[in-house]
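As a plain string of letters, each chain reads:
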Amino acid sequence: MNQSDITSENITGELNATGNATTRFEATTEGMAVAYSSLLFMALFPIVVGSFKSVAHVTKQKLSGHMDDVEVMTNKDAMMFPVYGSGVLLGIYLVFRFIDKDLVNVLFTVYFFVLGVIALTRVLEPVVRSLIPLPRNVHYKVLLLTDEKPAESDESEKSEKEVTIRKND
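Colleague: Quick question: what am I supposed to make of the overall build of the protein here?
Modeller: Helices and strands together make up the secondary structure of the protein, namely five helices and zero strands. Starting at the N terminus, the α and β elements of the protein follow one another as α-α-α-α-α. Within the protein, the fraction of its 169 residues that count as buried is 2%. For the protein, the accessible area works out to roughly 16700 Å², and carbon and sulfur atoms hold 64% of it.

Here it is as structure tokens:
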């Protein structure tokens, strides 16, 4: 095969003949239904569960008389929500408009890595604490001391202060 025989049709034909070409799967109606229904479920389920748990928490707080710990969304908060949302969307637009795509990908990767580490730590902490019992209510102190001798002027000021303290006693 010489240089003039290399064309995209020849390469595609060779790849298809060997079975190593990347093929694109066509979406079926059933597959799309499963994907969209699972996406809808994953979006709504945490909201519904969180709503019921928050109502139960508020009811529990009312019965116990500790209403100081309950946070309530006011009308002003609800009215400011579109303003905050618009600001966030403008910020995201500006980030994607003026910052390089690769840098944005790196920032998102670092951001989600840190959030993942924090979430995994919070989830696994009780398991690790049950496997490795650590002493509780142990407080440690770190004292930072120096071996330097004070200057003579500092010593005279210190002795004067001590003398005045002794006179007041």
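The discussion continues.
Colleague: What exactly am I supposed to notice about helix α3 (residues 75-98) here?
Modeller: Since one α-helical turn is 3.6 residues long, residues separated by three or four positions face the same way. Helix length check: α3 (24 residues) gives 36 Å between terminal C-alpha atoms against 34 Å at 1.5 Å per residue, within 8%. Approximately 30 degrees is the largest bend angle found in α3, and it occurs at Phe-81, with the proline Pro-82 only one to four residues beyond.

Colleague: How do you make sense of the pattern of salt bridges when you look at a structure like this?
Modeller: Two side chains that carry opposite charge are able to pair once their charged atoms sit near each other. Enumeration according to the criterion identifies one salt bridge in this entry. Note that Arg-129 and Glu-125 form a salt bridge whose closest N and O atoms lie 3.3 Å from each other. Of this pair, Arg-129 and Glu-125 are both found in helix α4 (residues 101-131), four residues apart, which corresponds to roughly one turn of the helix.

So, how was this worked out
- Residues numbered from 1 in each chain as written.
- Predicted model: local features only at pLDDT ≥ 70, side-chain atom pairs only at ≥ 80, totals over all residues.
- Heavy atoms only, no water.
- Helix = DSSP H or I, 4+ residues; strand = E, 2+ residues; numbered from the N terminus.
- Buried < 20%, exposed > 50% of the residue type's maximum accessible area, 1.4 Å probe, protein only.
- Areas by Shrake-Rupley, 256 points an atom, 1.4 Å probe, with all protein chains shown as cover.
- Expected span 1.5 Å × (residues − 1).
- Bend = angle between axes of the 7 residues up to and from the residue.
- Salt bridge = Lys/Arg side-chain N within 4 Å of Asp/Glu carboxyl O.

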